[in-house]
Amino acid sequence: MSTPFNAAAAAYGNVSRLVSDQAGGKLTAPAASPSGADFGQMLAEQLSGIVETGQRSDQVAVDMINGKANVVDVVTALAETESAMETMVTVRDRVISAYEEIMRMPI
């Protein structure tokens, strides 16, 4: 049975793996566009930011267990992480939708 926590943990792990693959050179980025804006690099930076948000949330939860943080800090950190994950999922869904629409276009 998949709980929201398990789903979030799985998503967090997938994002972390993608970022580490990008940093490790396993994923190759396309050449930068003439305008200097590189969508792949921007996306990798955003994924990295989401991973960092998740790690901060994990640390605040551990701090609360150790008596160094209060419940409000944990709830705030979890809400920030949830918001970042929802934004990432929304962007992913829109990219997939755009790709599917492009694939349906006649040649």
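Rules used throughout
- Numbering of residues begins from 1 in every chain and follows the order in which that chain's sequence is written.
- The model is predicted, so local features are restricted to residues of pLDDT at least 70 and side-chain atom pairs to those at 80 or more, both for listing and for counting; the totals for chains, interfaces and linings are taken over all residues.
- Values reported for side chains reflect all heavy atoms of the structure, with hydrogen atoms and water molecules removed beforehand.
- In this description a helix means any DSSP run of H or I spanning at least four residues, a strand means any run of E spanning at least two, and both kinds are numbered starting from the N terminus.
- Here a residue-residue contact requires only that any non-hydrogen atoms of the pair lie within 4.5 Å.
- The axes used here are C-alpha line fits, helices contributing only the stretch in contact, and every angle between their N-to-C directions lies in the interval 0 to 180 degrees.
- Roughly parallel means an angle under 35 degrees; roughly antiparallel, over 145; roughly perpendicular, 65 to 115; everything else is oblique.
- The handedness criterion is simple: a crossing whose near helix is rotated anticlockwise from the far helix by less than a right angle is left-handed, and one whose near helix is rotated clockwise is right-handed.
- Polar here means any residue outside two lists: the nonpolar Ala, Val, Leu, Ile, Met, Phe, Trp, Tyr, Cys and Pro, and the charged Asp, Glu, Lys and Arg; Gly therefore counts as polar.
- Helix span is expected to be 1.5 Å times the residue number reduced by one.
- The cut-offs for exposure are 20% and 50% of the maximum accessible area for each residue type, with area from a 1.4 Å probe on protein chains only; residues under the lower value are buried, those over the upper are exposed, and the others partly exposed.
- By the criterion applied in these results, polar contacts are pairs of N or O atoms within 3.5 Å in which, for protein atoms, one can donate a hydrogen and the other can accept it, and in which residues neighboring in sequence qualify only through two side-chain atoms.
- We define a salt bridge as a side-chain nitrogen of Lys or Arg found within 4 Å of a carboxyl oxygen belonging to Asp or Glu.
- Patch membership requires over 30% relative accessible area and the absence of a salt bridge. Like charges are linked within 9 Å, and nonpolar side chains (Val, Leu, Ile, Met, Phe, Trp, Tyr) within 5 Å.
- Exposure was quantified through the Shrake-Rupley algorithm and a 1.4 Å probe, taking into account, for residues, occlusion by the shown protein chains and nothing else.
- Joining through side-chain atoms within 4.5 Å is the link that ties buried Ala, Val, Leu, Ile, Met, Phe, Trp, Tyr and Cys residues into a set, and such a set is a nonpolar core.

## Quick look at the overall build of the chain
What the chain contains, in helices and strands, is three helices and zero strands. Seen in sequence order, the chain has helices and strands lined up from the N terminus as α-α-α. Intrachain contacts of the chain at a sequence separation of at least 6 include 58% that bridge at least 24 residues.

## Description of the packing of helix 2 (residues 39-65) against helix 3 (residues 71-104)
One way to put it is that helix 2 packs onto helix 3 with a least axis distance of 9 Å and a crossing angle of 160 degrees. The angle between the axes of helix 2 and helix 3 places the two elements in the roughly antiparallel class. Crossing geometry of helix 2 relative to helix 3 is assigned as left-handed. Residues Leu47, Ile50, Thr53, Gly54, Ser57, Val60, Ala61 and Met64 of helix 2 form the contact with helix 3, whose own contacting residues are Val71, Asp73, Val74, Ala77, Leu78, Glu80, Thr81, Ala84, Met85 and Met88. Taken together, the residues of the contact of helix 2 with helix 3 break down into 12 nonpolar, four polar and two charged.

## Side note on helix 2
Helix length check: helix 2 (27 residues) gives 39 Å between terminal C-alpha atoms against 39 Å at 1.5 Å per residue, within 8%. All of the buried residues along helix 2 are Ala44, Leu47, Ile50, Val51, Thr53, Gly54 and Ser57. If you check the start of helix 2, you find a side-chain oxygen 3.3 Å away from the backbone N of glycine 40, and it comes from aspartate 38.

## Structural notes on the pattern of salt bridges
By the definition in use, this model includes one salt bridge. Between aspartate 93 and arginine 92 there is a salt bridge whose closest N-O contact spans 2.7 Å. Take aspartate 93: its relative accessible area is 37%, and that puts it in the partly exposed class. According to the relative accessible area criterion, arginine 92 is partly exposed, its value standing at 46%.

## Remarks on a nonpolar patch on the surface
Taken together, the side chains of Phe39, Met42, Leu43, Val91 and Val95 make up a nonpolar region of the molecular surface, amounting to roughly 400 Å² of accessible area. Elements with a minimum of two residues in the nonpolar patch: helix 2 and helix 3. Within the element layout of this structure, valine 91 appears in helix 3.

## Considering the nonpolar core
Of all hydrophobic cores here, the largest spans five residues; its members are Leu47, Ile50, Ala84, Met85 and Met88. Put simply, the parts of the chain that give this core at least two residues each are helix 2 and helix 3. In terms of residue count, the dominant contributor to this core is helix 3 (three residues).

Function-wise, these values are silent; they only describe arrangement.
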